[in-house]
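Here is what each chain is made of, one letter per residue.
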Amino acid sequence: WERYKKYLSSDLLLPEKVIQSIDISTTDIVNLLGEPVENGIFARKGLVIGDVQSGKTANYISVINKAADAGYKVIVLLTGTIEKLRQQTQSRIDEGFIGIDTSDLERERRNNPIGVGLINGGVSVSSFTSIIKDFNKSVLTNSNVPLDSLSIPLILVVKKNKAVLNSIYKLFNGEKKDQTYNKINQSLLFIDDEADNASINTNSQDDDPTSINKSIRRILGLFMRSSYVGYTATPYANVFIEPNTKEDMENEDLFPKDYIYVLQPPSNYIGAREIYSEEGQYKTMYRVIDDFEDFLPLKHKKDYELPLDLPLSLKKAILSFCIANTIRDIRGDVNAHRSMLINVSRYIRIQDELKDIVNAYFIIVKNQIQNYILNPDYEKYQHLALLKKVYEEEFKIDHNYDEPPAIDWDCICSQIFDSIKNIKVESVNGGNASKLLDYKGYKNGLRLIAIGGMSLSRGLTLEGLCISYFYRKSIMYDTLMQMGRWFGYRSNYEDLCQIWMSEESYSWYQHISAATDELREEINRIYYSNLTPMDVGIKVRSSEGTLIVTARNKMRSAGDFIADISLSGNYIETPHFSKSDKIINDNIEEVKELLKNLENDGYCV
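Residues numbered from 1 in each chain as written. Predicted model: local features only at pLDDT ≥ 70, side-chain atom pairs only at ≥ 80, totals over all residues. Heavy atoms only, no water.

1. Examining the confidence of the model for the protein chain
Quick reminder of the rule: pLDDT expresses how confident the predictor is about each individual residue, on a scale running from 0 to 100. In this description, contact between two residues means that some pair of their heavy atoms is separated by no more than 4.5 Å.
Overall, the predicted model of the protein chain reaches an average pLDDT of 88, with 91% of residues at or above 70. Below a pLDDT of 50 lies the segment residues 245-250, which in the model reaches 12 contacts outside its immediate sequence neighbourhood of four places, other chains included.

Have a look at this one:
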């Protein structure tokens, strides 16, 4: 932990206040894991809740480092279901825990220290996975590491895949077991990132668990001491797991029976409450989409033929991305990554077709900018006239945007072509995310318009995301929140960010944000009352409209209840009293009128 703490400060340049916050929260979490004392026995399960893209990875890497200091020797980190996300996570683990570039190890090169390895190379960690490869059969065949006598920590960074988890089970199951308990006498820390995705058992209680869920349980059941920690920003499915009380590890589900811990986001995090609440500091990011239905209906099939002309709102969003790139360059953030998100369909064919249409439009805009933007009569070209209008309406009069006089329209015109000439338009889906989102391959910054669906909806980070265009019809809290790639940290360009969506979608996010905050408050109350999730029922506010909390097969043990609102334990105070005689007297007369009406209606006053 000490070397990772230095890495957070010296390499990631996190403020001391943020590092202190990470230190405090991760100490709390490690104290909940279970002490890895030899010959001890425990099987603990917990859940850690953060916000979408708020820094959960740095938190669980801190937990891993502290757990290794405490004596945990076997660590399994379960990432999402796609390889790009696993590779991203492995890279972070290489830098923050292992201290060696695992891709060099895979290529049988000399050990190349990176990250924490450059701070203190005397700390050794073994890994059975690398940036290049997930855990596979060759590792299973060639490994000869007795787990019961490990001298250094062993970590596996693996994706949620049935074959991969079965191979890990075979590896561990072949280890020497304690004769009394028939389990490995070692401490296992099992961290499940995006724990609400694929890990939940969606089969009925009378059937066998789903494959990923069953595989996790089997691995946990091999160890005398196991601590399962799920991390998620959308915990709705996790709190609805049936809290099984069976002692047999093989049959016990992944309900966080021992604790649920809520992470507090740093002050510079921009989340749902900052964007969607009436008092939100960044509610001016919102832009209305009211013309996309004619271009692509919310309900469409994969063979739907898109018109060739983009709707005006999408054109404005693309031009806003051009302007935002220009302003960031003028500010001096020349090598920073920039991204625009377009998420309007789950079908890959539609995404690919839209990519071609967007690219064709962008090429026309780019050519007009190159050839005519510096001409006095540039506004006779329709795309340049719209560009000027977008600057005037979406930036210049935006309450958040406040440039010094040195940056004006003429300044933007002089810079804009150089700022947009390297923008790429790509459809990000299937297995191409690893290649297209390879930010490390762009030392001068990747500038990308990313068009996608599910591949861009969970876990993956779009670096420097400033313009988001979202038009989807999902009805589930967790899916909608995970699609919100616009949540996160936007230092030095938060005033340039825009989120385009329909009024209906905006109302959905308002409701989900309020319901999530209520859930977090409820869980905090349980935690600070020294209760466990086994002691109480956890409630999530339902929607009066079409939204549902999570997929119905993840809510098999949930039920509907009418909840009373209680003010018990709360201080309810009038925020201020008026000194105006007129207002005071008017209030007295209003109360008298109320009492008179009640009495006339037969109530005893």
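The rest of the description comes next.
2. Focus: the pattern of salt bridges
It is possible for side chains bearing opposite charge to pair when their charged atoms get close. Selection rule: For this analysis, a salt bridge means a side-chain nitrogen from Lys or Arg found within 4 Å of a carboxyl oxygen belonging to Asp or Glu. Accessible area is worked out with a 1.4 Å probe on protein chains only. A residue is then buried under 20% of its type maximum, exposed over 50%, and partly exposed in between.
The final tally for this structure, using the stated rule, is 30 salt bridges. Its salt-bridge partner being Lys 257, residue Asp 258 comes within 2.9 Å of it at the nearest N-O pair. Of the residues examined, Lys 257 reaches a relative accessible area of 18% and is grouped as buried. Here the salt bridges do not stand alone but share partners, grouping Asp 51, Arg 273, Asp 517 and Arg 520 into one network.

3. Quick word on the nonpolar core
Filter applied, for reference: The criterion is simple. A nonpolar core is a set of buried Ala, Val, Leu, Ile, Met, Phe, Trp, Tyr and Cys residues joined through side-chain atoms within 4.5 Å. Runs of E in the DSSP output that reach at least two residues are strands. Runs of H or I that reach at least four are helices, and both are numbered from the N terminus.
Of all hydrophobic cores here, the largest spans 133 residues; its most connected members are Phe 172 and Trp 486. At nine residues, helix 12 (residues 312-331) tops the list of elements feeding residues into this core. Ranked by size, the runner-up nonpolar core spans 37 residues in total, among them Leu 8, Val 63, Ile 98 and Tyr 231.

4. Digging into the packing of aromatic side chains
Put simply, the test is: Classification of ring pairs rests on two measures: the distance between centres of Phe, Tyr or Trp rings, Trp counted by its six-membered ring, which must be within 6.5 Å, and the angle between planes, read as stacked under 30 degrees, edge-to-face over 60 and tilted in between. Our definition puts a charge over a ring when NZ of Lys or CZ of Arg is within 6 Å of the ring centre and also within 35 degrees of the ring normal.
As enumerated under the stated definition, the model contains 26 aromatic pairs in all. Ring centres 6.1 Å apart and planes at 75° place the aromatic pair Phe 470 and Tyr 509 in the edge-to-face group. Highlighted residues: Phe 470 in strand 12 (residues 465-470) and Tyr 509 in helix 18 (residues 503-528), separated in sequence by 39 residues. Taken together, the aromatic side chains of Tyr 276, Tyr 286, Phe 470, Trp 486, Phe 487, Tyr 506 and Tyr 509 make up a single cluster linked through ring pairs. Over the ring of Tyr 169 we find Arg 218, and its NZ or CZ is 3.7 Å from the ring centre. If you follow Arg 328 out to its NZ or CZ, it ends over the ring of Tyr 493, 4.0 Å from the centre.

5. Focus on the side chain of Gln 53
Heads up, the condition is: Here a polar contact means two N or O atoms within 3.5 Å. Within protein one must be a hydrogen donor candidate and the other an acceptor candidate, and residues neighboring in sequence count only if both atoms are side-chain atoms.
Assignment of secondary structure puts Gln 53 in the loop between strand 1 (42-49) and helix 3 (56-70). By relative accessible area, Gln 53 is classed as buried at 15%. There is a polar contact of 2.8 Å between the side chain of Gln 53 and the backbone oxygen of Arg 485. If near-sequence neighbours (up to four positions away) are discounted, Gln 53 is found in contact with Tyr 269, Leu 460, Thr 461, Arg 485, Phe 487, Gly 488, Tyr 489 and Arg 490.

6. Some details on the sheet that holds strand 7 (residues 259-262)
Hydrogen bonding along the main chain pairs the strands of a sheet, whether they run parallel or antiparallel. This is how it is decided: By the convention used here, strands pair only if DSSP detects at least 2 bridges between them. The axes used here are C-alpha line fits, helices contributing only the stretch in contact, and every angle between their N-to-C directions lies in the interval 0 to 180 degrees.
Strands sit in the order 3-4-2-5-6-1-7 across an open sheet of seven strands; the sheet is parallel. At either end of the open sheet lies a strand with only one pairing partner, and these are strand 3 (126-127) and strand 7. Looking at chain direction, strand 5 (residues 184-193) and strand 6 (residues 223-232) are connected through eight bridges and run parallel. The residue of strand 6 that forms the bridge with Ser 187 is Arg 225. Contacting strand 2 (74-78), strand 4 (154-158), strand 5 and strand 6, helix 3 runs over the sheet at an angle of about 170° to strand 5. Across the sheet, helix 8 (residues 162-173) is in contact with strand 2, strand 4, strand 5 and strand 6; its angle to strand 4 comes to roughly 160°.

7. Description of the environment of Glu 504
When you line up the elements, Glu 504 lands in helix 18. When the C-alpha atoms of Glu 504 and Ile 289 are compared, they prove to be 9.9 Å apart, with 215 residues separating the residues in sequence.

8. Observations regarding the sheet that holds strand 10 (residues 424-428)
Read across the open sheet, the six strands follow the order 8-13-12-9-11-10; overall the sheet is parallel. Looking at strand neighbours, the two that pair on one side only are strand 8 (286-288) and strand 10, the edges of this open sheet. Each strand of the sheet is rotated relative to its neighbour by a mean of 20°, with strand direction disregarded. Sheet analysis places strand 10 next to strand 11 (residues 447-452), joined by five bridges and oriented parallel. Following the sheet pairing, Val 428 is matched in strand 11 by Gly 452.

9. Focus on the pairing of strand 7
Side chains Tyr 259 and Tyr 261 of strand 7 all project onto a buried face; the interleaved residues Ile 260 and Val 262 project onto the opposite face, where all are buried too. As defined by bridge partners, strand 1 adjoins strand 7 across four bridges and the pair is classed as parallel. Directly across from Leu 47, in strand 7, lies its bridge partner Ile 260.

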